Amino acid sequence: MSSNAHASPVTGSLFKNRFYQTILISNIFLQIGIWVRNFAILMFVTDQTNNDPLAISLISVVEFAPIFVFSFIGGAFADRWKPKRTMIWCDFLSAISVFAVLLTLLYGSWEAVYLATFVSAILSQFSQPSVMKLFKQHVHPEKLQQGMALFQSLVAIFMVLGPSLGIFSYHQFGIKISIGVMGVAFLLSAVVLFRLPADEEPEAKGERSTKIWQELGDGFRYVWRSPVLKVLGLTFAIAGFSIGTIQTLSLFIVTERLGQPKEFLQFLMMVNGVAMLLGGAVIMTLAKKIAPQVLLAFGIAVSAVCIAGMGFSTSIPLTLALQFLNGLTMPCIQIGINTMILQWTEQSYVGRVNGVLSPMFMGMMVIMMSVAGVLKKMFPLVEIFVVSGIVMLIGALILIPIFKHKPAPTVTAETANPA
């Protein structure tokens, strides 16, 4: 069977695609849960520890460390398991784990909030590759980049609404109800996913002849043989180094460089989200005209300048402007990465390729997050952000040699069976 035999036709709206409708609705609930989690827990830990940099950076570590550890395995199992069933179980188990944390909060110590982030991060490594696999099955190759742009636009909307939602939930209702909201959101996402088209049955039934570790090795060899995926992996590692360094220190840009209370962080995030929404809309109109690797390099280069600029800035308008510019080009990075993975990867390898590349980003990100609190105590915030920006720029430059590469033509239902 061809890798896109069930993809939607190139004509018609993506919103008429049942798979795409369901993924968008499910993602709305996921985004509610994620943003309430991110900001309610951030505010809670900040209050509990009196702004301790190490405790704050630990939030990001427990969120991203499991991604590094489990994405190898999650990607391989995503290629083995039925994607619809995998996604439903992951969201359901995430909800169960959150309610377990809520019980611990009621009767135990406050540190249990870290567990909510830790477990959902693990499960996402089995669910996210399955989403990519279904994109490959149900969205026409010519609409992949447009589909990713629309998907990222939804994420951008929550970049605007999410921080305020999380902070409002924490200040109005407290951490316990906020954790409960997150659990309900994950549960609703699982219910919505039952609308997905039925999973494809394998053509040949019976046990696989290959072992899981052999399939993991096949994924590494697949990436190594592809000049495009190999360069993308190196870019991932460099970007992870840069973003991980500044990920947990954005709060100190607000409190130290701008002299604002920690709650002002939500306004930076809102500006970033509005810009992402606008950027996603622009990219939708240009999706077929720009190669994804060019889109990615452009986004990374602009992000590098903005990161360094925010480190220097002590002006609220300038910092907000840099956040806006960074958000405007962020969809270039997200859409470029996802489109490149899907265009240069066969359907049977999508999970494993995602599982190989993601740890390159997450591994460096987690390492730098783990030492971010220590770096903050040793070096000025300006120096940290400037070095981060320079490293990010290197990530853009190494993409230049693959600008002229084009993906191999994909056999689709339409081309295989012309009218």
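Residues numbered from 1 in each chain as written. Predicted model: local features only at pLDDT ≥ 70, side-chain atom pairs only at ≥ 80, totals over all residues. Heavy atoms only, no water.

Enquirer: Tell me about the overall build of the protein chain, residues and numbers included.
Expert: Within the protein chain one finds 14 helices and zero strands. Walking the protein chain from its N terminus toward its C terminus, one meets helices and strands in the order α-α-α-α-α-α-α-α-α-α-α-α-α-α. Looking at the protein chain as a whole, 57% of its 419 residues qualify as buried. Restricting to contacts in the protein chain with at least 6 residues of sequence separation, those with at least 24 account for 90%. For the protein chain, the exposed area adds up to about 17800 Å²; of that, 69% sits on carbon and sulfur atoms. (Helix = DSSP H or I, 4+ residues; strand = E, 2+ residues; numbered from the N terminus. Buried < 20%, exposed > 50% of the residue type's maximum accessible area, 1.4 Å probe, protein only. Contact = heavy atoms within 4.5 Å. Areas by Shrake-Rupley, 256 points an atom, 1.4 Å probe, with all protein chains shown as cover.)

Enquirer: Give a description of the nonpolar core that names residues and reports values.
Expert: In this structure, F135, I175 and L232 are the most contacted members of the largest nonpolar core, which totals 109 residues. When near neighbours in sequence (up to four residues on either side) are disregarded, L232 contacts L296, I337, M340, I341 and L357. (Core = buried A, V, L, I, M, F, W, Y, C linked by side-chain atoms within 4.5 Å.)

Enquirer: Help me get a handle on the packing of helix α7 (residues 227-247) against helix α12 (residues 350-378), residues and values and all.
Expert: Running from amino to carboxyl end, α7 crosses α12 at an angle of 25°, the nearest separation of the two axes being 7 Å. As the angle between them shows, α7 and α12 are arranged roughly parallel. Two packed elements cross with a definite hand, and for α7 against α12 that hand is right-handed. Contacts between α7 and α12 involve L229, L232, G233, F236, A237, A239, G240, F241, I243, G244, T245 and Q247 on the former and, on the latter, V353, L357, S358, M360, F361, M364, M365, M368, M369, A372 and L375. In the contact of α7 with α12, the residues fall into 17 nonpolar, six polar and no charged. (Axes fitted to C-alpha atoms, helices over the stretch in contact; angles between N-to-C directions. Parallel < 35°, antiparallel > 145°, perpendicular 65-115°, else oblique. Left-handed = near helix turned anticlockwise from the far one by under 90°. Nonpolar A, V, L, I, M, F, W, Y, C, P; charged D, E, K, R; others polar.)

Enquirer: Go over the packing of aromatic side chains with me, naming the residues and quoting the values.
Expert: A complete count under the given rule lists six aromatic pairs for this structure. When the ring of Y222 is compared with that of Y349, the centres are 4.4 Å apart and the planes differ by 15°; the resulting orientation is stacked. Separated by 127 residues along the polypeptide, Y222 in helix α6 (residues 212-225) and Y349 in the loop between α11 (316-343) and α12 bring together distant segments of the chain. Residue Y349 is classed as buried on the basis of its relative accessible area of 18%. Ring centres of F264 and F267 lie 5.5 Å apart, and the angle between their planes is 50°; on these two criteria the pair is classed as tilted. The ring of W224 has K230 sitting right over it, with the charged end atom 4.4 Å from the ring centre. The ring of F252 has K376 sitting right over it, with the charged end atom 5.0 Å from the ring centre. (Phe/Tyr/Trp six-rings, centres within 6.5 Å; stacked < 30°, edge-to-face > 60°. Lys NZ or Arg CZ within 6 Å of the ring centre and 35° of its normal.)

Enquirer: Now, about the confidence of the model for the protein chain: what can you tell me, with residues and values included?
Expert: With 88% of its residues at a pLDDT of at least 70, the protein chain reaches an overall mean of 79. The weakest mean pLDDT in the protein chain belongs to helix α14 (residues 413-416) at 38; the strongest belongs to helix α13 (residues 381-397) at 92. Note on residues 410-419: pLDDT under 50 across the span, and 15 contacts to partners over four residues away in sequence or across chains. (pLDDT = per-residue confidence, 0-100.)

Enquirer: Tell me what's going on with the pattern of salt bridges, and back it up with residues and numbers.
Expert: In the structure shown here, the tally under the stated rule is one salt bridge. The salt bridge partner of K376 is E256, with a shortest N-O separation of 2.7 Å. Here K376, found in helix α12, pairs with E256, found in helix α8 (residues 250-257); they are 120 residues apart in sequence, far enough to count as distant. Looking at K376, the relative accessible area reads 16%, which means it is buried. (Salt bridge = Lys/Arg side-chain N within 4 Å of Asp/Glu carboxyl O.)

Enquirer: If you had to explain the environment of I88 to someone new, which residues and values would you point to?
Expert: Within the fold, I88 resides in helix α3 (residues 83-107). Along the backbone, I88 and L196 are 108 residues apart, and their C-alpha atoms lie at a distance of 10.0 Å. Discounting residues that sit within four places of it in the chain, I88 has contacts with A190, L193 and F194.

Enquirer: Please set out the side chain of T86 residue by residue, giving values where relevant.
Expert: When you line up the elements, T86 lands in helix α3. Given the relative accessible area of 6%, T86 is considered buried. Within the structure, the side chain of T86 is placed 2.8 Å from the backbone oxygen of K82, a separation counted as a polar contact. When sequence neighbours within four positions are dropped, the list of residues in contact with T86 reads W81, F126 and S130. (Polar contact = N/O pair within 3.5 Å; in protein donor to acceptor, adjacent residues only side chain to side chain.)

Enquirer: Kindly report on the environment of A396, identifying the contributing residues and their values.
Expert: Relative to the assigned elements, A396 resides in helix α13. Separated by 158 residues in the primary sequence, A396 and I238 place their C-alpha atoms 9.3 Å from one another. Sequence-distant contacts of A396, that is, excluding residues within four places in its chain, are made with A297, I300 and A301.

Enquirer: Describe the packing of α8 against α13, and please don't skip the residues or the numbers.
Expert: As a packed pair, α8 and α13 sit with axes 11 Å apart at the nearest point and diverge in direction by 140°. Our classification of the angle between α8 and α13 gives oblique. As α8 packs across α13, the resulting crossing turns out to be left-handed. Judged by residue contacts, F252, I253, E256 and R257 of α8 engage L381, V382 and F385 from α13. Here the contact of α8 with α13 is built from residues that sort into five nonpolar, no polar and two charged.

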